[in-house]
Amino acid sequence: PVRKRCEIARACGIDTVLDVPPRQQVEAVKDLTNGAGAQVTVDAAGHSSVITSCVKAAALCGQVVLLGTPRVPVTMEATEMFNDIHTRCLRMLGAHMWQFPAHDLRGAKQTVASLYRTVFDLIGTGRLKTGPLRSHFVTPAHAAEMYDGLERKQEEYWGVVFDWSA
């Protein structure tokens, strides 16, 4: 984990942030949940080893959300992970937004519209503070520098907003 991003999460209003090394994350989640595991775990890093930790940290009948697209290969024996998914009735969900229906639809648990309502409610009630999510506010002329920073300098670059008004 990037320590600065844990600090940002706290600044945004996230009450519980586990800032521990990767090898201690599953144990930290289990300790926090009295051994049960989390109802929802999310890989937002796009690192395949994080997915295995999410599976191990998930509660019985929990959900593992793959928000980050896996980009880093990991050599592993997958049988243990598949066994965990199977025997603990875990649900894995790919979370690319364009796969959700855009508008409310009977029978759909989540739609783009419902997810927007949730986020705007969190912002409106002050439970989610978005200011700390932005590290840079620049014109599009700085795009190459910003993308390079997001990839190589994660302690300095975490949220770039482009000002398109000019």
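Scroll up to find the structure.
Reading the values: rules and limits
Residues numbered from 1 in each chain as written. Predicted model: local features only at pLDDT ≥ 70, side-chain atom pairs only at ≥ 80, totals over all residues. Heavy atoms only, no water. Buried < 20%, exposed > 50% of the residue type's maximum accessible area, 1.4 Å probe, protein only. Helix = DSSP H or I, 4+ residues; strand = E, 2+ residues; numbered from the N terminus. Arc of directions from axis to C-beta. Contact = heavy atoms within 4.5 Å. Phe/Tyr/Trp six-rings, centres within 6.5 Å; stacked < 30°, edge-to-face > 60°. Lys, Arg positive; Asp, Glu negative; His and termini not counted. Salt bridge = Lys/Arg side-chain N within 4 Å of Asp/Glu carboxyl O. 1 Å grid on protein atoms, 1.4 Å probe; cavity = no way out; pocket = protein on both sides within 12 Å on 5 of 7 lines; lining within 4 Å. Points joined across faces, edges and corners; volume = space filled by probe spheres on them. Nonpolar A, V, L, I, M, F, W, Y, C, P; charged D, E, K, R; others polar.

Visitor: Tell me about helix α2 (residues 25-32), and name the residues and values.
Guide: Side chains of residues three or four places apart in an α-helix project in the same direction, reflecting 3.6 residues per turn. Every buried residue belonging to α2 is among Val26, Ala28 and Val29, and all of these are buried. The buried residues of α2 occupy an angular sector of 165° when the element is viewed end-on, so they sit on one face. Of the exposed residues in α2, those oriented more than 90 degrees away from the buried face are Glu27 and Asp31. In this structure, the buried side of α2 is in contact with β1 (38-43) and α3 (48-57). Trailing α2 by a residue or two, Asn34 shows a phi angle of about 55°, which is positive.

Visitor: So what's going on with the packing of aromatic side chains? Which residues, and what values?
Guide: Counted according to the given criterion, the structure contains three aromatic pairs. Ring centres 5.9 Å apart and planes at 15° place the aromatic pair Tyr116 and Phe120 in the stacked group. Linking Tyr116 with Phe120, this pair stays in helix α5 (residues 112-124), spanning four residues, or about one helical turn. With a relative accessible area of 43%, Tyr116 lands in the partly exposed category. With a relative accessible area of 56%, Phe120 lands in the exposed category. Ring-pair connections join several aromatic residues into one group, and the members of that group are Tyr147, Phe162 and Trp164.

Visitor: Go over the side chain of Asp84 with me, naming the residues and quoting the values.
Guide: Along the chain, the position of Asp84 falls in helix α4 (residues 79-87). There is no salt bridge for the buried Asp84, and the closest opposite charge comes from Arg88, which lies 4.0 Å off by N-O distance. Beyond its immediate chain neighbours, meaning those up to four positions away, Asp84 contacts Val55, Lys56, Cys89 and Leu90.

Visitor: Explain the side chain of Ser114 to me, using residue names and the numbers behind them.
Guide: With respect to the helices and strands, the residue Ser114 is situated in helix α5. Ser114 gets classed as buried once you look at its relative accessible area, which sits at 17%. The contact partners of Ser114, leaving out residues within four places of it in the chain, are Asp104 and Lys109.

Visitor: Can you break down the layout of surface pockets residue by residue, with the values?
Guide: The space that makes up the second largest pocket amounts to roughly 150 Å³. As for the second largest pocket, its lining consists of Val26, Ser49, Thr52, Ser53, Val55, Lys56, Met76, Glu77, Glu80, Met81 and Asp84. When residues of the lining of the second largest pocket are traced back to their parent elements, those giving at least two are α3 and α4. The element best represented in the lining of the second largest pocket is α3, accounting for five residues. Considering only residue class, the lining of the second largest pocket consists of four nonpolar, three polar and four charged.

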